[in-house]
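Each chain is listed here by its residues.
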Amino acid sequence: LEIQENAYLEIAPTGSLTVNGTITNNVANGNDGIILHSDATGTGSLIHSTPNIGGTVESYFNGTRYHYVSSPIDAASTAMFNTNNFYYWDASTEWGGMGASPPATIDYTPWNSKTNGNLSVTAGYAYYYYSTTLEYKGNMNQGEYTFTTDKSATGTIDDQGWNFFGNPYPSAINWDDIVAEASFPANIETAIYFFDDADGTGVQNNYKYYVPGGAGPGGPYGVGTEATSGDIPIGQGFFVKTDVDAESFIVNNT
């Protein structure tokens, strides 16, 4: 796929494109050469294998609420966000539950404000904001990424090992495909949890869960009131629990 100097490629919110060969982006400002649009109907998808290809990936937010986000580009800056309401997760800290919106008003919590620097490609972040459309501009992520878990050394076992990851690609990824790999560690639990803060309250009951093969109400930990799909959307953060520190698994956008 070659994009000429004075041209651009747009992918509609319900559209998708897979490029099995090479992408050549000749646009002077490469971020303007490829645009993935996003609105209430969805977000355009691009699956590709060419490194260092610039683009603009939109991310539509619906309603004033907490959104669990991740970056589909390399080196996304926190300057994109209102950092008064932007949080990262420290998985080495025991989680004491969440009575209100993050950061929870409890004695111990892994939520921490992130006010500067770039977003980690494999991490999820919590962002409280109103309806808007963000624009991630930069080199779109592709290829393999290693996700490494963290776990607090002490505390109640149910409150340890919660890791907040994020989809790093400008396309959805499928959790079933990830856990089906022979290299996926047995010590990482296969349930994943999404946050659907539709009512804007930020309470723990707003979690949804997905377990390959199905599981009882709320997943293994009773967190969440509704099962959902194992498809992890573009720009989506999600929780995974590990029973052992420093386990790793690999994700690839192919």
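Located above this text is the structure these notes cover.
Reading the values: rules and limits
Residues numbered from 1 in each chain as written. Predicted model: local features only at pLDDT ≥ 70, side-chain atom pairs only at ≥ 80, totals over all residues. Heavy atoms only, no water. Helix = DSSP H or I, 4+ residues; strand = E, 2+ residues; numbered from the N terminus. 1 Å grid on protein atoms, 1.4 Å probe; cavity = no way out; pocket = protein on both sides within 12 Å on 5 of 7 lines; lining within 4 Å. Points joined across faces, edges and corners; volume = space filled by probe spheres on them. Polar contact = N/O pair within 3.5 Å; in protein donor to acceptor, adjacent residues only side chain to side chain. Contact = heavy atoms within 4.5 Å. Pairing = 2+ DSSP bridges. Axes fitted to C-alpha atoms, helices over the stretch in contact; angles between N-to-C directions. Phe/Tyr/Trp six-rings, centres within 6.5 Å; stacked < 30°, edge-to-face > 60°. Salt bridge = Lys/Arg side-chain N within 4 Å of Asp/Glu carboxyl O. Buried < 20%, exposed > 50% of the residue type's maximum accessible area, 1.4 Å probe, protein only.

Asker: How should I be thinking about unusual backbone geometry in this particular structure?
Answerer: A negative phi holds for most residues other than glycine; trans holds for most peptide bonds. Of note, the phi angle at alanine 75 is positive, near 60°, even though the residue is not glycine. Tracing the backbone through its elements, the reader meets alanine 75 in the loop between β10 (65-69) and β11 (86-89). A positive phi is found at alanine 246, a non-glycine position, where the angle reads about 60°. Take alanine 246: it is sitting in the loop between β22 (237-242) and β23 (248-252).

Asker: What is the right way to read the layout of surface pockets from this model?
Answerer: Any empty space left between the atoms is revealed when a probe the size of a water molecule rolls over them. What the largest pocket holds in volume is close to 820 Å³. Looking at the largest pocket, it is lined by 27 residues, and the ones nearest its centre are Tyr60, His67, Pro233, Ile234 and Gln236. Among the elements of the structure, β6 (38-39), β7 (42-43), β9 (54-61), β10 and β18 (188-195) are those that each provide at least two residues to the lining of the largest pocket. The biggest single contributor to the lining of the largest pocket is β10, with 5 residues. In this structure, the second largest pocket occupies an estimated 310 Å³ of space. What lines the second largest pocket is a set of 15 residues, among which Asp177, Ile178, Val251, Asn252 and Thr254 lie closest to the centre. Those elements that place two or more of their residues in the lining of the second largest pocket are β17 (173-174), α1 (175-180) and β23.

Asker: Where do I start with the side chain of asparagine 31 in this structure?
Answerer: With respect to the helices, strands and loops of the structure, asparagine 31 is situated in the loop between β4 (24-25) and β5 (34-36). Looking at asparagine 31, its side chain comes within polar contact range of the main-chain nitrogen of glycine 138, at 3.5 Å. Ignoring sequence-local partners within four residues, the contact set of asparagine 31 consists of Gly54, Gly55, Thr56, Lys137 and Gly138.

Asker: Please explain the sheet that holds strand β12 (residues 111-113) as it appears in this structure.
Answerer: Within a sheet, neighbouring strands are paired by backbone hydrogen bonds and run either parallel or antiparallel to one another. An order of β10-β13-β11-β12 is seen for the 4 strands of this open sheet, with the pairing classed as antiparallel. Of all the strands in the sheet, the pair left with one neighbour each is β10 and β12. Each adjacent strand pair in this sheet contributes to an overall mean axis angle of 30°, direction not counted. Pairing between β11 and strand β13 (residues 125-129): 2 bridges, direction antiparallel.

Asker: Explain the packing of aromatic side chains to me, please; I cannot follow it from the model alone.
Answerer: Note on aromatic pairs: each is described by the distance of the centres and the angle between the planes. Enumeration according to the criterion identifies 32 aromatic pairs in this entry. Each member of the aromatic cluster is reached from another via a ring pair, and the members are Phe61, Phe81, Phe86, Tyr125, Tyr127, Tyr129, Tyr130 and Tyr136.

Asker: Just to check I follow, could you spell out the environment of asparagine 205 for this structure?
Answerer: Topologically, asparagine 205 is positioned in the loop between β18 and β19 (207-210). Taking the C-alpha atoms as reference points, asparagine 205 and phenylalanine 195, separated by 10 residues in sequence, lie 9.0 Å from one another.

Asker: Would you take a moment to explain the pattern of salt bridges for this structure?
Answerer: When their charged atoms lie close together, side chains carrying opposite charge are able to pair. On inspection of all chains with the given rule, the structure shows 4 salt bridges. The shortest N-O distance in the salt bridge between glutamate 135 and lysine 137 comes to 3.9 Å. For lysine 137, a relative accessible area of 41% puts it in the partly exposed group. As a salt-bridge pair, aspartate 196 and lysine 208 come within 3.1 Å of each other at their nearest N and O atoms. Residue aspartate 196 is found in the loop between β18 and β19, and its partner lysine 208 is found in strand β19; the two are separated by 12 residues along the sequence. According to the relative accessible area criterion, aspartate 196 is partly exposed, its value standing at 31%. Shared partners join several salt bridges into a network, and the residues in it are Asp32, Glu135 and Lys137.

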